[in-house]
Amino acid sequence: MPDFEEGGAREVTLKINGDDFRILVEPRENLREVLHDRLGFTGTKEMCDRGACGSCTVIMDGRPVVSCMMLAVEAGGHDIETVEDIERKQHPLIETYADHNAMQCGYCTPGFVVTAKALLDRNPDPDEEAIKSALEGNICRCGTYPAHIWAIQAAANRLKTREA
Amino acid sequence: MRRFKHFDASSLDEAVSLLARFEGRAKVIAGGTDIVGTLKDSVLPEPYEALVNIKTIPGLEGIRNGAGVLKIGALTRLEDIAHNETVQTKYAALAQAARVVATPHIREMGTIAGNICQNTRCWYYRCAHNRFHCVRKGHAAPGQSLECFASDGDNRYHSIFGDVKDCLAVNPSDTIPALIALGATLKTTKRSIAVKDIFPPSDEPTKMTIIDSDEIVIEVEIPEPQASSRSAYHKVAIRKSIDFPIVNCAAVVDFEGDVVKDCHICLNAVHYKPYVPERAEALLEGEPLTDEQAATAGEAAVWGAKPLPMNSYKITMAKGLVKKILIACREAG
Ligand code: FES
Ligand code: FES
């Protein structure tokens, strides 16, 4: 039985990709655990579990944040966007990442794509410097860094022609 | 991770009474990027019993530009400070400091008050599962004496102004030197206090700040600098992203022509608290700021430094950094 003791586990409503999920969480559970291990949003990867690699990035209220360093109890009521939604909405990043082979093992890739989506939402025409600084918090053990710049610029171009 | 209680405070009063109720065993959580790490690593011998979330209190976030003073709400994210136009133009050192904290993701979460109140990064203190039960953690187990493991361990990132019988950990904040050089003040639930005064005296080097366990930072206030002044900040770290400073420095210099009218310098990560090199400030005032003067100020800034076996390189770094920042102030604007 869940204990609703004061300050203990409680029910929160997580707004993920536009859908509401009511779930009982303990204070010590982080958002990445809840998204990935309990709700099946498996695109939100764990690598460092200390906020240092960006592979667990989600967009919260428009900001790219590392979900491993955020308590799930504090995420209720905020708009959370995961890589699954970026794919579902057929964001051009998904194709341009494939076109430019911006991955090797692919483990870090969702974190990069989510970070890139947050960047393009704010800055539809980022130059190389802007892309590099937005990705400063993402680590790729396979060293695919240059390809991300090409993929993100290509996605920005597609978004522009889509709008035109 | 050990269990803890968690409360969403809806007002400052509620948060303060929760903190008081736990008598020091509860902590405020804002951005969480520091405290969640210490909890994951079970760094502390006695973990916090409760966290009090203050993000649910309205009105603590945002930058307001008032009459001659900039007011930054405690929960304002570092990324928002780095990108704020007023901060970039009038308080450049702060924008530059906020811009290089950790990573963009951390800056989207981390707050200005959290950056000021953050815990130490000493690798003995931070080592997982309280492996090094050091003097900073206190409460020796029976038959155990407390020591600073850095004093004869790997002390390459530790204090260059410390005394080896104390804790040698340094203050790792990026924004504090900029705030001190700019003359910032903190407004808390208990008082109004200059940022430079929130640090404990030298016989208590194991405390990060003198802010009480039931006291909450509400706002940071920065007086508008003179129109004739310029500021700059720089951090030396291993990697451009994520790493804490090895040494960092901010300066605000007010010029009359080429002559320095007034000057404030603050180094960090060199001492248990931020270090204001008063000798360097004094020798600059009233003189033109030449490259030679800047170099002499760098020498004066590290006067009295006592390196540990592995960190004399930090003295060279601090000297060079002071010179570089002063020249950056001269060249700016
Ligand atoms: S797993 Fe969250 S930042 Fe690395
Ligand atoms: S593609 Fe393997 S870690 Fe980035």
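A. Region of interest: the overall build of chain B. Along the backbone of chain B there are 11 helices and 11 strands. Its C-alpha atoms give chain B a radius of gyration of 20 Å, near enough to 20 Å, the size a compact globule of 333 residues would have. Taking the principal axes of its C-alpha atoms as reference, chain B extends roughly 60 × 50 × 30 Å. For chain B, with 333 residues in total, the buried portion stands at 55%. Once local pairs closer than 6 in sequence are excluded, the contacts in chain B between residues at least 24 apart make up 65%. For chain B, the computed accessible surface area is about 13700 Å², with 50% contributed by carbon and sulfur atoms.

B. Helix α6 (residues 145-163) of chain A, seen in detail. All names here are of chain A. Over its 19 residues, α6 extends 28 Å from the first C-alpha to the last, a length consistent with the 27 Å expected when each residue adds 1.5 Å. Looking at α6, one finds that the buried residues are A147, H148, I149, A151, I152, A154, A155, A156 and L159. Looking at the packing, one finds that the buried side of α6 touches α3 (92-99), α4 (109-122) and α5 (128-134).

C. Molecular detail of the nonpolar core. Residue and element names in this part refer to chain B. Counting residues in each nonpolar core, the largest one holds 81 residues, and the members touching the most others are L94 and I222. Beyond its immediate sequence surroundings of up to four residues, L94 is in contact with I72, I81, V87, I112, T175, A178, L179, L182 and I222. Ranked by size, the runner-up nonpolar core spans 32 residues in total, among them L284, A300, I315 and L326.

D. Focus on the sheet that holds strand β1 (residues 5-8) of chain B. All names here are of chain B. Read across the open sheet, the three strands follow the order β1-β3-β2; overall the sheet is parallel. Strands with a single pairing partner mark the edges of an open sheet, and in this sheet they are β1 and β2 (26-29). Within this sheet the neighbouring strands show an average axis-to-axis angle of 25°, counted without direction. For β1 and strand β3 (residues 50-53), the ladder comprises four bridges, and the chain directions are parallel.

E. Spotlight on the interface of chain A and chain B. Each partner contributes residues to the interface: chain A has 30 residues there, and chain B has 35 residues. Each partner contributes to the roughly 2700 Å² buried at the junction of chain A and chain B, and carbon and sulfur atoms together form 49% of this total. Summed over the shared surface of chain A and chain B, the number is 13 salt bridges. With its nearest N and O atoms 2.8 Å apart, the salt bridge here joins A:E26 to B:R3. Inspection of the chain A/chain B interface yields 19 residue pairs in polar contact (both at pLDDT 80 or more). Among the secondary structure elements, those contributing two or more residues to the side of chain A that touches chain B are β4 (63-66), α4 and α5 of chain A. Among the residues forming the side of chain A that touches chain B, the class breakdown is 11 nonpolar, eight polar and 11 charged.

F. Up close: the packing of helix α10 (residues 291-301) of chain B against helix α11 (residues 313-331) of chain B. Residue and element names in this part refer to chain B. Between α10 and α11, the least distance of the axes is 7 Å, while the angle of their chain directions is 140°. By the angle class used here, α10 and α11 are oblique. Seen along the crossing, α10 lies across α11 with a hand that is right-handed. Of α11, the residues touching α10 (which contributes D291, A294, A295, A297, G298, E299 and A301) are K319, V322, K323, L326, I327 and R330. The residue inventory of the contact of α10 with α11, partitioned by class, reads seven nonpolar, one polar and five charged.

G. Looking closely at the environment of B:W123. Residue and element names in this part refer to chain B. As for its position among the elements, W123 is in the loop between α7 (112-117) and α8 (175-181). Residue W123 is classed as partly exposed on the basis of its relative accessible area, which comes to 35%. Setting aside residues up to four positions removed in sequence, W123 forms contacts with D154, R156, Y157 and H158.

H. Up close: the domain arrangement of chain A. Residue and element names in this part refer to chain A. Under the domain assignment, chain A is made up of domain 1 (10-82) and domain 2 (85-163). For domain 1 versus domain 2, the distance between C-alpha centres works out to 21 Å. Contacts between domain 1 and domain 2 engage 18 residues on the former and 16 residues on the latter. Note that E81 and K117 form a salt bridge whose closest N and O atoms lie 2.6 Å from each other. Of all elements in the fold, only β3 (57-60) and β4 reach the threshold of two or more residues within the side of domain 1 that touches domain 2.

I. Quick peek at empty space enclosed by the protein. Enumeration according to the criterion identifies one cavity of 30 Å³ or more in this entry. If you add up the space inside the largest cavity, you get close to 50 Å³. Of the residues belonging to the lining of the largest cavity, the class tally is eight nonpolar, no polar and one charged.

J. Layout of the pairing of β4(A). Residue and element names in this part refer to chain A. Alternating positions in β4 separate into two faces, R63 and V65 on one and P64 and V66 on the other, with burial throughout. Bridge count between β3 and β4: four bridges; the pairing is antiparallel. By the bridge assignment, V58 is partnered in β4 with V65.

K. A look at the pattern of salt bridges. All names here are of chain B. Tallying each qualifying case throughout the model produces 50 salt bridges over all chains. Residues D212 and K190 are paired through a salt bridge, measuring 2.8 Å at the closest nitrogen-oxygen approach. Remark: K190 occurs in the loop between β6 (185-188) and β7 (192-194) and D212 occurs in the loop between β7 and β8 (217-223); sequence separation between them is 22 residues. By relative accessible area, which is 34% here, D212 ends up partly exposed. Since its relative accessible area comes to 45%, K190 is described here as partly exposed. Between R239 and D243 there is a salt bridge; the shortest N-O distance is 2.8 Å. Under the relative-accessibility criterion, R239 is labelled partly exposed at 44%.

What counts and how
Residues numbered from 1 in each chain as written. Chains lettered and ligands numbered in written order. Predicted model: local features only at pLDDT ≥ 70, side-chain atom pairs only at ≥ 80, totals over all residues. Heavy atoms only, no water. Helix = DSSP H or I, 4+ residues; strand = E, 2+ residues; numbered from the N terminus. Rg over C-alpha atoms; globule rule 2.2 N^0.38 Å. Buried < 20%, exposed > 50% of the residue type's maximum accessible area, 1.4 Å probe, protein only. Contact = heavy atoms within 4.5 Å. Areas by Shrake-Rupley, 256 points an atom, 1.4 Å probe, with all protein chains shown as cover. Expected span 1.5 Å × (residues − 1). Core = buried A, V, L, I, M, F, W, Y, C linked by side-chain atoms within 4.5 Å. Pairing = 2+ DSSP bridges. Axes fitted to C-alpha atoms, helices over the stretch in contact; angles between N-to-C directions. Buried area = accessible area lost by both parts, 1.4 Å probe. Salt bridge = Lys/Arg side-chain N within 4 Å of Asp/Glu carboxyl O. Polar contact = N/O pair within 3.5 Å; in protein donor to acceptor, adjacent residues only side chain to side chain. Nonpolar A, V, L, I, M, F, W, Y, C, P; charged D, E, K, R; others polar. Parallel < 35°, antiparallel > 145°, perpendicular 65-115°, else oblique. Left-handed = near helix turned anticlockwise from the far one by under 90°. Domains from an automatic or database assignment. 1 Å grid on protein atoms, 1.4 Å probe; cavity = no way out; pocket = protein on both sides within 12 Å on 5 of 7 lines; lining within 4 Å. Points joined across faces, edges and corners; volume = space filled by probe spheres on them.

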